[in-house]
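Close look at the chain arrangement
Each chain is listed here by its residues.
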Amino acid sequence: MKKDIHPKYREVIFWDLSSDYKFITRSTIETNETIQWEDGKEYPVYKVEVSSQSHPFYTGKNVLVDTAGRVDKFRKRYGQK
């Protein structure tokens with residue numbers, strides 16, 4: 001294999017913000033944020049809005065993810081139009 005052409009493959013925590021569910025898996029995704037996991041080690045974290053814990057197909061519930069509302073609240077709060 002050629003050196004320095006492959007992405008860094010490492011353990012990453014994916015954090016579902018809508019259900020506050022976190023899981024650890026291996027990925028090549030790039031992120032600058034880190035978080036301490038249950039084992040005491042620090043891992044890179046990637047925040048997602050929908051995972052199997054919050055998606056209506058997997059939960060059987062009609063959960064509405066209000067991403068547009070979050071943006072509007074932010075703009076209203078900080079005066080952006």
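Below is a short write-up of the structure. From a predicted model like this one, the values you see are computed outputs, not experimental measurements.

With that settled, consider the side chain of Arg10. Mapped onto the fold, Arg10 is located in strand S1 (residues 10-16). Buried within the structure, Arg10 lacks any salt-bridge partner; Glu30 is the closest side chain of opposite charge, at an N-O distance of 4.3 Å. Polar contacts involving the side chain of Arg10 include one to the main-chain carbonyl oxygen of Ile29, which spans 3.0 Å. Beyond its immediate stretch of four places on either side in the chain, Arg10 contacts Thr25, Arg26, Ser27, Ile29, Glu30, Thr31 and Pro44.

Strand order across the open sheet formed by four strands is S2-S1-S4-S3, with mixed pairing between neighbours. Here the strands that pair on one side only, and so sit at the sheet edges, are strand S2 (21-27) and strand S3 (34-36). Geometrically, the sheet is characterised by an average inter-axis angle of 45° between neighbouring strands, direction not taken into account. Direction of pairing for S3 relative to strand S4 (residues 42-48): antiparallel, over a ladder of three bridges.

This part covers the nonpolar core. Residues Ile13, Trp15, Ile35, Trp37, Tyr43 and Val45 constitute the largest nonpolar core, which totals six residues. Filtering out sequence-adjacent residues up to four positions away, Ile35 remains in contact with Ile13, Trp15, Lys22, Lys41, Glu42, Tyr43 and Val45.

What counts and what doesn't
Residues numbered from 1 in each chain as written. Predicted model: local features only at pLDDT ≥ 70, side-chain atom pairs only at ≥ 80, totals over all residues. Heavy atoms only, no water. Helix = DSSP H or I, 4+ residues; strand = E, 2+ residues; numbered from the N terminus. Buried < 20%, exposed > 50% of the residue type's maximum accessible area, 1.4 Å probe, protein only. Lys, Arg positive; Asp, Glu negative; His and termini not counted. Salt bridge = Lys/Arg side-chain N within 4 Å of Asp/Glu carboxyl O. Polar contact = N/O pair within 3.5 Å; in protein donor to acceptor, adjacent residues only side chain to side chain. Contact = heavy atoms within 4.5 Å. Pairing = 2+ DSSP bridges. Axes fitted to C-alpha atoms, helices over the stretch in contact; angles between N-to-C directions. Core = buried A, V, L, I, M, F, W, Y, C linked by side-chain atoms within 4.5 Å.

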